[in-house]
Amino acid sequence: MNNELDWAHLSFGYMPTDYNVRCWYRNGKWGEIEVSSSDTVNIHMAATALHYGQEIFEGLKAFRGKDGKIRVFRLEENGARLRRSAEGIMMAPVPEELFREMVLKVVKLNERFIPPYGSGASLYIRPLEIGMSAQVGVKPSTEFMFMILVTPVGPYFKEGFKPTNICIMREFDRVAPKGTGQWKVGGNYAASILAGERAHSLGYSAVLYLDPKEKKYLDECGPANFFAIKDGKYITPASESILPSVTNKSLMQLAEDMGIEVERRHITVDELADITEAAACGTAAVASPVGEIDDLDTGKKYIVSKNGEAGPVTTALYNKLRAIQYGEEEDVHGWNTIVE
Ligand SMILES: *Cc1c(COP(=O)(O)O)cnc(C)c1O
């Protein structure tokens, strides 16, 4: 264990760790796993990743549990999503077994960076795949590099589990109607930086994007999915242009387990008037409760939290998921992989 680190105050930034793992795809096949202690990559200046955005990534976490064991949350889901993203932008899919082996290896190699139980911190795992072939014409690479870095991250809610405000801005879309929104592609993030910074400068934590075709239905919250509680039901957008979040999928399951009805469907902006809770959900925060949703185009303000606190359903779901990740509650769905 690394005792020098102030785990509870770590930010969501990059802190160097001991090792990362890499694997090349060349001549139509994946090579051997390489362990590296360098945090730089040697890349051809004409690589497709640099010019045409042939880059995909993932995000998952490892936790040190109450029993001292290390748990990685739902790595099979992230591996499957990475393969779908690869197919979406014509990259070589990383086989399930290779993904699993590399995740477990990089976590184990950096064991001393996994924050202690009780600190609220965790080890963030960031797999990424990039197109490496030199190509000036717009064509897919034939060579790829898949790598995984890890870095410890502090608790998301340093000032407590409190709601923040989000906004709707129709002048920006992050993805196109039949575009790459359902895949975890770096370019989607490039397309969202301007809107995200605009929202931050206006005091909002995120943009709640609308569907890019009709601008009528809710899509997602920048880098996180969106859910709300309406008439006691968990509602979350069904859309072709959002990323299927592993966290959202898990929260839907937990809601069902708690006897809460779940609806994945189109949600209109007007429905925001009738919701009693809302949150952005993703690996980084699990669920980040929403206080107010301001529609900057119509001037309407949807007050979700009247007392400045997270609602009871959001709180219960958040606590339940975290308890499973930290091994405090039984993992009935088999979501954790224990790192031996
Ligand atoms: C990664 C991501 C999410 C959250 O997915 P999780 O699997 O829950 O971390 C949501 N939306 C977008 C656009 C993302 O890239």
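Rules behind the numbers
- Residues numbered from 1 in each chain as written.
- Predicted model: local features only at pLDDT ≥ 70, side-chain atom pairs only at ≥ 80, totals over all residues.
- Heavy atoms only, no water.
- Helix = DSSP H or I, 4+ residues; strand = E, 2+ residues; numbered from the N terminus.
- Expected span 1.5 Å × (residues − 1).
- Buried < 20%, exposed > 50% of the residue type's maximum accessible area, 1.4 Å probe, protein only.
- Polar contact = N/O pair within 3.5 Å; in protein donor to acceptor, adjacent residues only side chain to side chain.
- Lys, Arg positive; Asp, Glu negative; His and termini not counted.
- Salt bridge = Lys/Arg side-chain N within 4 Å of Asp/Glu carboxyl O.
- Axes fitted to C-alpha atoms, helices over the stretch in contact; angles between N-to-C directions.
- Parallel < 35°, antiparallel > 145°, perpendicular 65-115°, else oblique.
- Contact = heavy atoms within 4.5 Å.
- Nonpolar A, V, L, I, M, F, W, Y, C, P; charged D, E, K, R; others polar.
- 1 Å grid on protein atoms, 1.4 Å probe; cavity = no way out; pocket = protein on both sides within 12 Å on 5 of 7 lines; lining within 4 Å.
- Points joined across faces, edges and corners; volume = space filled by probe spheres on them.
- Pairing = 2+ DSSP bridges.
- Right-handed = clockwise from strand over helix to strand, strands pointing away.

> Help me understand helix α6 (residues 246-257), please; the structure alone is not making it clear to me.
At 3.6 residues per turn, the α-helix brings residues three or four places apart onto the same side. Here α6 contains twelve residues, and its C-alpha end-to-end distance of 17 Å stays within 8% of the 16 Å for a straight helix at 1.5 Å per residue. Restricting attention to buried positions, one finds in α6 the residues Val-246, Thr-247, Asn-248, Ser-250, Leu-251, Met-252, Leu-254 and Ala-255. The residue sitting at the N-terminus of α6 and contributing the capping side-chain oxygen is Ser-245; that oxygen lies 3.1 Å from the backbone nitrogen of Thr-247. Just downstream of α6, Gly-259 is the residue with a positive phi angle, here 85°.

> How should I be thinking about the side chain of Lys-61 in this particular structure?
Topologically, Lys-61 is positioned in strand β5 (residues 60-64). Of the side chains with opposite charge, Glu-58 comes closest to the buried, unpaired Lys-61, at an N-O distance of 13 Å. Within the structure, the side chain of Lys-61 is placed 3.3 Å from the backbone oxygen of Thr-283, a separation counted as a polar contact.

> What exactly am I supposed to notice about the packing of α6 against helix α7 (residues 312-325) here?
Each pair of packed helices can be described by the angle between their axes along with the distance between the axes. Running from N to C, α6 and α7 point in directions that differ by 110°, and their axes come no closer than 10 Å. As judged from the angle between their axes, α6 and α7 are roughly perpendicular. Touching Thr-247, Ser-250, Leu-251, Leu-254 and Ala-255 of α6 are Leu-317, Lys-320, Leu-321 and Ile-324, all from α7. Looking at the contact of α6 with α7 residue by residue, the classes come out as six nonpolar, two polar and one charged.

> What's the story with the pattern of salt bridges in this structure? I'm lost.
Think of it this way: side chains of opposite charge can pair up when their charged atoms draw near. Across all of its chains, the model carries 22 salt bridges by this definition. Of the charged contacts, one joins Arg-71 and Asp-67 as a salt bridge, the two residues approaching to 2.8 Å between their closest N and O atoms. What makes Asp-67 partly exposed here is its relative accessible area of 45%. Through salt bridges with shared partners, one network takes in Lys-230, Lys-233, Glu-261, Glu-263, Arg-265 and Glu-271.

> I would appreciate a short explanation of empty space enclosed by the protein in the present structure.
Leftover empty space is mapped by rolling, across the atoms, a probe with the size of a water molecule. Across all of its chains, the model carries three cavities of 30 Å³ or more by this definition. Within this model, the largest cavity holds a volume of roughly 100 Å³. Lining of the largest cavity is provided by 13 residues; of these, Lys-61, Phe-73, Thr-247, Thr-283 and Gln-325 occupy positions nearest its centre. At the level of elements, β5, α6 and α7 are the ones that each hand at least two residues to the lining of the largest cavity. When residues of the lining of the largest cavity are assigned to their parent elements, the largest contribution, three residues, is made by β5. When its residues are assigned to classes, the lining of the largest cavity shows six nonpolar, six polar and one charged. Taken as a whole, the second largest cavity holds about 60 Å³ of empty space. For the second largest cavity, the full set of lining residues is Asp-173, Arg-174, Val-175, Tyr-209, Leu-210, Pro-212, Asp-219, Glu-220 and Ser-241. When its residues are assigned to classes, the lining of the second largest cavity shows four nonpolar, one polar and four charged.

> Would you mind going over the pairing of strand β12 (residues 233-237) with me for this structure?
Most of β12 sits inside the fold, with four of its five residues counted as buried. For strand β11 (residues 225-230) and β12, the ladder comprises three bridges, and the chain directions are antiparallel. Looking across to β12, one finds that Lys-230 is bridged to Lys-233. Between β11 and β12, which pair antiparallel and follow one another directly, the connecting turn spans two residues, one of which, Asp-231, has a positive phi of 50°. Pairing between β12 and strand β13 (residues 262-265): four bridges, direction parallel. By the bridge assignment for β13, Pro-237 is matched with Arg-265. Each parallel crossover has a hand, and for β12 linked through α6 to β13 it is right-handed.

> Looking at this model, I keep getting lost on unusual backbone geometry. Mind explaining?
Leaving glycine out, the prevailing phi sign among residues is negative, and the prevailing peptide bond configuration is trans. In the Ramachandran plot, Arg-74 falls in the positive-phi region, its phi being about 50° despite a non-glycine side chain. Structurally, Arg-74 can be placed in the loop between β6 (70-73) and α2 (75-88). Notably, Lys-215 is not glycine yet its phi reads approximately 55°, a positive angle. Relative to the helices and strands, Lys-215 is located in the loop between β10 (206-207) and β11.

> Sorry, what's going on with the pairing of strand β14 (residues 277-282) here?
As a general feature of sheets, a regular strand has side chains that alternate between the two faces. In terms of burial, β14 is a largely internal element, six of the six residues being buried. Judged by which residues are buried, β14 turns out to be covered on both faces: Glu-277, Ala-279 and Cys-281 on one side and Ala-278, Ala-280 and Gly-282 on the other are all buried. Here β11 runs beside β14; their pairing, made up of five bridges, is antiparallel. Pairing of Phe-226 across the sheet is with Ala-280, part of β14. Count of turn residues in the β14/strand β15 (residues 286-295) antiparallel hairpin: three residues.

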